[in-house]
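# Report on the structure
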Amino acid sequence: MSRDHVQSNRSPAREAAAPGPTGELSAPASRPAGGQAGEGPRRAGERLRPAGGHAGEETSAAEARADAVGRPDGHGPDGGAPAGHGADGHRPVGHRPAPQRPHAQPADVEAPDVEVPDVEAPFLDLLARGAAADAFEQPVLRARAEGWPAERIAALEHAKLLALRVRAELDGRRRREAELSALFETAHDLAGLRDLDAVLQAIVQRARSLLGTDVAYLSLNDPERGDTYMRVTEGSVAARFQQLRLGMGEGLGGLVAQTARPYVTDDYFKDGRFQHTTTIDTGVRDEGLVAILGVPLMLGPHVIGVLFAADRRARVFEREQIALLGSFAALAAAAIDTANLLTETRSALADLERANEIIQDRSAVIERASDVHDRLAELVLRGGGVHDVAAAVSQVLSGTVEFAEADAAPASALEASRAEGHAVRHGDDWIAAVAAGGELLGALVLRGHPALDPVDQRTLERAAMVTSLLLLARRSAAEAEQRVRGELLDDLLDVRDRDPRLLRERAARLRADLDATHVVLAARLDTPAADADREAEARRRLWAAASHLAATRHGLAAARDGGTVLLLPLPRGGTATALARSAARHLGTAVHEAVTVGASGPVADLAAHPEAVAAAYAEGRRCLDALRLLGRSGDGAAAEDFGFLGLLLAGDRDIAGFVERTIGRVVDYDTRRGTDLLHTLEAYFASGMSPARTKDALHVHVNTVAQRLDRVARLLGDDWQSPARALEIQLALRLHRLSAGEQTTTAPTHD
């Protein structure tokens, strides 16, 4: 039969798995106690005598082992199949034959019937001292040298054999005790597993010590790379051996892994039962190994590695040693399995912790989003504005959020945000477009917050959406209010028989007061439009801006005659001209075009006299036309700004007002001081504005004329003699004299 198919305690072992583990070099462990050369009841070459046997019945220990386990050549003592093997001569290592009874003494052989009370004493003393096996021959040798009787020597021989058997039993018990102690310690290490490498190192060290081998090592399979590697070594001195990586199925370890059973070889390089490779053989040769025993590490039906014990000389591994190494292999597999389970458990716990953190984070995000939703909903319900939304989002995002008009936000970022429908980063800021349909209403800008997580980004986008809804709602409300304001102003302009009480109530709902003094303003765009559509759009923008101005000033506005008419209250201490110019600037800024505004004179008590509104509007339109004819587009003015032309423009021909505005201060001075500066002015203009002729007309000194004219200049201004002012003053003087019914006189007066 082929040697490749022979299994024995002294032949190589299985296929498949891989040779062994890696580890640090360490000094070889000492051999077990009592393991000195020549000691031990079952050492090779030692001869054993059966109980009650004779010297000729001795059998060598090697033959006894071959009878029990199998000879190196695979044959039994009679040349047939080894004891315990099948018909093909094979028997796996570890298979124990049925126990046999001790050899019975032949019937014709009896123990010597001699009184030898002190025969056992020397051997008992040797047993007590734990003497070596050779020492048990000394009592017999001394007895023969001293010429003891044959019967007594025979008794000594018998006692010696009994003592050797007791010694062997004691050694076996001590060995088993040490083995059990090592297994217990290993199990204890495994129970308190903290460091897998330390446990595996302890297993390999104890296996080497108890088996008395030069080297022990453990190899593990690497499923990812499809090979095996050295995990732990003990007693190894060759770096190449410690770093071996072997393909699956190579070497003795491969045979062990393939068959999942232990295998042993007395001489590695002469054994052809497994696949030799250059890498493995080189590593084994560097380490100097000869005899190798390998047992599998099993997890269920799977081989995960191999535990090895090896010597640098030929040796025979006993069945007990194979079983012991198998026990260590089982503990190593359990340690690896436990470590894997711990690793999986820790990984699962870590995953659970991460999942819990994610859940908590998501929960916080949801709570924050809910808080934002509640805040924004509350703002909308209580009528909050755009800036209220920005303030609420600023608190949630822990940053500064501002609303910017469309023309104030970065154009590129604003356009990108509108196109994508998301907030976009612009430098250290984030821009979220506020849009309704295709119209850009503005943007929410988050300042100085470059790191923005997706949830906060979504919060900013949601706030922009709420802002757009608020703006649309406000626009709709404003448009409705504008229509209502326009309807009331239209009624004041067109219908003159309205009930004053109803007019006041309607105005009050619009926060307007018809009993206050107002000014009617007529506004119109002066820039010609390119086409009808653009002109209509410009007029719509002008009407929207005028409506907004009227709402903020507690007035009314309506579209009329291609322009806009406004009814605004006159501020205390203000003038119609100032109000007209302010409205022109405001409307021009809002529509980005020049807007000309003509104002009427102040009108009061409109609820009782609604017809005054139509007259005031007609006056404002005449002023508007006059401004355009004079080339003063984009300006604002009232009739009082046009001098005597204002008499033609004003609807009520306010002569007294014109006189008051022109020479009222001179009239008041004459009244308070008893002077006659008005007469001096009349004489001055009648004399062609010549002081010399004026003194003759007044019969006063020329210096007196000069003093009076200086007084007039202080009252009317230094430009009172300019042609325009001079014309207005002369007209006012005539109107004043006519209104007073006086005749022109030349009586002198004194200053």
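The structure we're discussing is the one just above.
Structural notes, computed from the coordinates. (Residues numbered from 1 in each chain as written. Predicted model: local features only at pLDDT ≥ 70, side-chain atom pairs only at ≥ 80, totals over all residues. Heavy atoms only, no water.)

A few words now on the overall build of the protein chain. Secondary structure summary: the protein chain contains 22 helices and 17 strands in total. Surface exposure of the protein chain reaches about 38200 Å², of which carbon and sulfur atoms provide 53%. (Helix = DSSP H or I, 4+ residues; strand = E, 2+ residues; numbered from the N terminus. Areas by Shrake-Rupley, 256 points an atom, 1.4 Å probe, with all protein chains shown as cover.)

Moving on, we come to helix H3 (residues 138-145). Because each turn of an α-helix spans 3.6 residues, side chains separated by three or four positions end up pointing in the same direction. Three or more residues of H3 are buried, namely Pro139, Val140 and Ala143. One face of H3 carries all of its buried residues, which in axial projection span an arc of 100°. Remark: Gly147 follows H3 within two positions and exhibits a positive phi of approximately 75°. (Buried < 20%, exposed > 50% of the residue type's maximum accessible area, 1.4 Å probe, protein only. Arc of directions from axis to C-beta.)

So, about the packing of helix H20 (residues 691-698) against helix H21 (residues 702-716). At a minimum axis separation of 8 Å, H20 and H21 run at an interaxial angle of 105°. One finds that H20 runs roughly perpendicular with respect to H21. Counting all contacts with H20, which are made through Pro691, Thr694, Lys695 and Leu698, the residues of H21 involved are Val702, Val705 and Arg708. (Axes fitted to C-alpha atoms, helices over the stretch in contact; angles between N-to-C directions. Parallel < 35°, antiparallel > 145°, perpendicular 65-115°, else oblique. Contact = heavy atoms within 4.5 Å.)

Quick look at the sheet that holds strand S13 (residues 518-525) now. Taking strand neighbours across the sheet as the criterion, the five strands line up as S14-S15-S13-S16-S17 in an open arrangement whose pairing is mixed. For this open sheet the edge positions go to strand S14 (556-560) and strand S17 (636-638), each flanked by a neighbour on one side alone. For this sheet, the mean inter-axis angle between neighbouring strands, taken without regard to orientation, is 20°. Sheet topology note: the S13/strand S15 (residues 563-569) ladder contains six bridges and is antiparallel. Note on S15: the bridge partner recorded for His518 is Pro569. Most of the contacts of helix H15 (residues 576-591) go to strand S16 (residues 595-599), to which it runs at about 155°, and overall it touches S13, S15, S16 and S17. (Pairing = 2+ DSSP bridges.)

With that settled, the discussion passes to the packing of aromatic side chains. In the structure shown here, the tally under the stated rule is eight aromatic pairs. Judged by centre distance (5.2 Å) and plane angle (90°), the rings of Tyr268 and Phe269 are edge-to-face. Here Tyr268 falls in the buried class, since its relative accessible area comes to 2%. One aromatic cluster is present, formed by Tyr217, Phe241 and Phe308 through successive ring pairs. Lying across the ring of Trp148, Arg152 places its NZ or CZ 3.9 Å from the centre. (Phe/Tyr/Trp six-rings, centres within 6.5 Å; stacked < 30°, edge-to-face > 60°. Lys NZ or Arg CZ within 6 Å of the ring centre and 35° of its normal.)

With that settled, consider unusual backbone geometry. Non-glycine residue Ala260 carries a positive phi angle of around 60°. Positionally, Ala260 belongs in the loop between helix H7 (251-259) and strand S6 (263-265). Overall, Ala260 belongs to the partly exposed group, its relative accessible area being 31%. The phi dihedral of Met689 falls on the positive side, at around 65°, and the residue is not glycine. Secondary-structure assignment places Met689 in the loop between helix H19 (677-686) and H20.

With that settled, consider the nonpolar core. Counting 32 residues, the largest nonpolar core has Leu200, Leu218, Leu297, Leu307 and Leu325 as the members making the most contacts within it. At the level of elements, helix H5 (196-211), strand S3 (215-222), strand S7 (291-299), strand S8 (302-311) and helix H9 (319-381) are the ones that each hand at least two residues to this core. Among the elements that take part in this core, H9 stands out by supplying 11 residues, more than any other. Ranked by size, the runner-up nonpolar core spans 26 residues in total, among them Val386, Val389, Val393 and Val396. (Core = buried A, V, L, I, M, F, W, Y, C linked by side-chain atoms within 4.5 Å.)

Strand order in the open sheet made by the six strands is S5-S4-S3-S8-S7-S6, with antiparallel pairing throughout. Of all the strands in the sheet, just strand S5 (245-247) and S6 have a single pairing partner and so form its edges. Sheet twist, expressed as the mean angle between neighbouring strand axes with direction ignored, is 25°. Examined bridge by bridge, S3 and S8 share six bridges and lie antiparallel to one another.

Right, let's get into the packing of H5 against H9. Interaxial distance between H5 and H9 falls to 10 Å at its minimum, and their mutual angle equals 180°. The angle between H5 and H9 places the two elements in the roughly antiparallel class. Packed against H5, whose contacting residues are Leu196, Val199, Leu200, Ile203, Arg206, Ala207, Leu210 and Leu211, the element H9 presents Gln321, Leu324, Leu325, Phe328, Leu331, Ala332, Ala335, Ile336 and Ala339 at the interface. Residue composition of the contact of H5 with H9, by class: 15 nonpolar, one polar and one charged. (Nonpolar A, V, L, I, M, F, W, Y, C, P; charged D, E, K, R; others polar.)

One pass over the structure, following the stated rule, counts 30 salt bridges. Residues Arg418 and Glu415 are paired through a salt bridge, measuring 3.0 Å at the closest nitrogen-oxygen approach. With Arg418 and Glu415 both in helix H11 (residues 411-420) and three residues apart, the pair spans about one turn of that helix. What makes Arg418 partly exposed here is its relative accessible area of 31%. On the basis of relative accessibility, which here comes to 37%, the residue Glu415 falls in the partly exposed class. (Salt bridge = Lys/Arg side-chain N within 4 Å of Asp/Glu carboxyl O.)

Before going further, it helps to spend a moment on a nonpolar patch on the surface. A cluster of nonpolar side chains, Met465, Leu469 and Leu472, forms an exposed patch at the surface whose accessible area comes to about 270 Å². Of the residues examined, Leu472 reaches a relative accessible area of 31% and is grouped as partly exposed. (Patch = residues over 30% accessible without salt bridge, like charges linked within 9 Å, V, L, I, M, F, W, Y side chains within 5 Å.)

A word on H11. Residues of H11 that are buried include every one of Ala413, Leu414 and Ser417, and no others. Taken down its axis, H11 places every buried residue within 100° of arc, on the same side. Opposite the packed face of H11, turned more than 90 degrees from it, sit the exposed residues Ala411, Ser412 and Ala419. Contacts made by the buried residues of H11 are with strand S10 (424-426), strand S11 (429-436) and strand S12 (439-447).

Inspection of the secondary structure puts Thr282 in helix H8 (residues 278-287). Separated by 38 residues in the primary sequence, Thr282 and Leu244 place their C-alpha atoms 9.8 Å from one another.

Our focus in this paragraph is the side chain of Thr277. Mapped onto the elements, Thr277 comes out in the loop between S6 and H8. In terms of polar contacts, Thr277 uses its side chain to reach the backbone amide nitrogen of Ile280, at 3.2 Å. (Polar contact = N/O pair within 3.5 Å; in protein donor to acceptor, adjacent residues only side chain to side chain.)

What follows covers the environment of Thr704. Along the chain, the position of Thr704 falls in helix H21. Thr704 gets classed as partly exposed once you look at its relative accessible area, which sits at 23%. Along the sequence, Thr704 and Pro691 sit 13 residues apart, while their C-alpha atoms lie 9.6 Å from each other.

Regular strands show a simple pattern: their side chains alternate between the two faces of the sheet. The pairing of S14 with S15 spans five bridges and is antiparallel. Residue pairing for S15: Ala557 is matched across the bridge by Leu566. Where S14 folds back on S15, the antiparallel hairpin that results is connected by two residues, among which Asp561 adopts a positive phi of roughly 55°.

Okay, the pairing of S3 next. Burial analysis of S3 places eight of its eight residues in the buried class, the great majority of the element. On S3, burial covers both faces: Val215, Tyr217, Ser219 and Asn221 on one face and Ala216, Leu218, Leu220 and Asp222 on the other are all buried. Alignment of S3 against strand S4 (residues 227-234), held across seven bridges, turns out to be antiparallel. Residue Leu220 lies in a different strand from S4, and its bridge partner there is Tyr229. A loop of four residues connects S3 with S4, the two strands running antiparallel in sequence, and Gly226 in this loop sits at a positive phi of about 70°.

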